[in-house]
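Here's the letter readout for the chains.
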Amino acid sequence: MIRDNTKTIGDLAELKVACLFAEKGWFVSKPVTDNAPYDLIVDDGESLRKVQVKARCTREEKITVELRSTMVNYVRHYNKSDFDLLAVYDIDNSRIALLDWEQIGESKTLVLRTSPSKNNQTKGVKYFTDYIGQ
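Engineer: Is there a simple way to explain the side chain of Arg-95 in this structure?
Structural biologist: Checked against the element boundaries, Arg-95 lands in strand 8 (residues 95-100). Polar contacts involving the side chain of Arg-95 include one to the side chain of Asp-90, which spans 2.8 Å. Excluding residues that lie within four positions of it along the chain, Arg-95 makes contacts with Val-88, Tyr-89, Asp-90, Thr-114, Phe-128, Thr-129 and Ile-132.

Engineer: Whenever I open this one, the sheet that holds strand 1 (residues 27-29) confuses me. Can you help?
Structural biologist: Strands in a sheet are paired, the pairing made by backbone hydrogen bonds, and the direction either parallel or antiparallel. Spatially, five strands are ordered 1-2-3-7-8 in an open sheet, and the strand pairing comes out mixed. What marks the edges here is a single partner per strand, and that holds for strand 1 and strand 8. Here the average twist between neighbouring strands, direction ignored, is 30 degrees. As paired strands, strand 1 and strand 2 (residues 40-43) are joined by three bridges and run antiparallel to one another. Residue Phe-27 lies in a different strand from strand 2, and its bridge partner there is Asp-43.

Engineer: Help me understand the packing of aromatic side chains, please; the structure alone is not making it clear to me.
Structural biologist: In the structure shown here, the tally under the stated rule is three aromatic pairs. Measuring from ring centre to ring centre gives 5.1 Å for Phe-21 and Trp-26, while their planes differ by 50 degrees; the resulting arrangement is tilted. Among the aromatic side chains, those forming a connected cluster through ring pairs are Tyr-78, Phe-83 and Trp-101. Looking at Lys-24, its charged tip hangs above the ring of Phe-21, at a distance of 6.0 Å from the centre.

Engineer: Looking at this model, I keep getting lost on helix 1 (residues 6-23). Mind explaining?
Structural biologist: Given 3.6 residues per helical turn, the α-helix brings residues three or four places apart onto the same face. Here helix 1 contains 18 residues, and its C-alpha end-to-end distance of 26 Å stays within 8% of the 26 Å for a straight helix at 1.5 Å per residue. When we look at burial in helix 1, the residues that qualify are Ile-9, Ala-13, Glu-14, Val-17, Ala-18, Leu-20 and Phe-21. At its buried positions, helix 1 is contacted by strand 1, strand 2, strand 3 (48-56), strand 7 (85-90) and strand 8. Trailing helix 1 by a residue or two, Gly-25 shows a phi angle of about 90 degrees, which is positive.

Engineer: Can you help me understand the environment of Thr-6 in this one?
Structural biologist: Within the secondary structure, Thr-6 sits in helix 1. Separated by 49 residues in sequence, Thr-6 and Ala-55 place their C-alpha atoms 9.0 Å apart.

Procedures and definitions
- Residues numbered from 1 in each chain as written.
- Predicted model: local features only at pLDDT ≥ 70, side-chain atom pairs only at ≥ 80, totals over all residues.
- Heavy atoms only, no water.
- Helix = DSSP H or I, 4+ residues; strand = E, 2+ residues; numbered from the N terminus.
- Polar contact = N/O pair within 3.5 Å; in protein donor to acceptor, adjacent residues only side chain to side chain.
- Contact = heavy atoms within 4.5 Å.
- Pairing = 2+ DSSP bridges.
- Axes fitted to C-alpha atoms, helices over the stretch in contact; angles between N-to-C directions.
- Phe/Tyr/Trp six-rings, centres within 6.5 Å; stacked < 30°, edge-to-face > 60°.
- Lys NZ or Arg CZ within 6 Å of the ring centre and 35° of its normal.
- Expected span 1.5 Å × (residues − 1).
- Buried < 20%, exposed > 50% of the residue type's maximum accessible area, 1.4 Å probe, protein only.

All quantities given are derived from atomic positions and should not be read as evidence of function.
Printed below as a string of structure tokens:
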């Protein structure tokens, strides 16, 4: 099953995001190595944007994205110079949320709700559907 291989899941997410931008008429490029702090470069004809892609499953009615990169014995938190757009691929529903740094905020963890909270909290809540394919 595809969920058993995180590399394949990540590759699929990058392809889905690349297709989203290509369908909008943008040019899509990929770094030659995996060492860049971004996964794709997209070109709308006027500007280039670096895109970081994360694939996540829904857990407890939310999708959580740690804004960091992990390698053997090393954790690196992302900052604004690393990428311009974050693309979150919802594995369970095959949909993509796009956020820029202003929408991400200062937190090192991004939480996107997939349904309302049980206590009906709305302040500070980000819903996945508010950022789909913008």
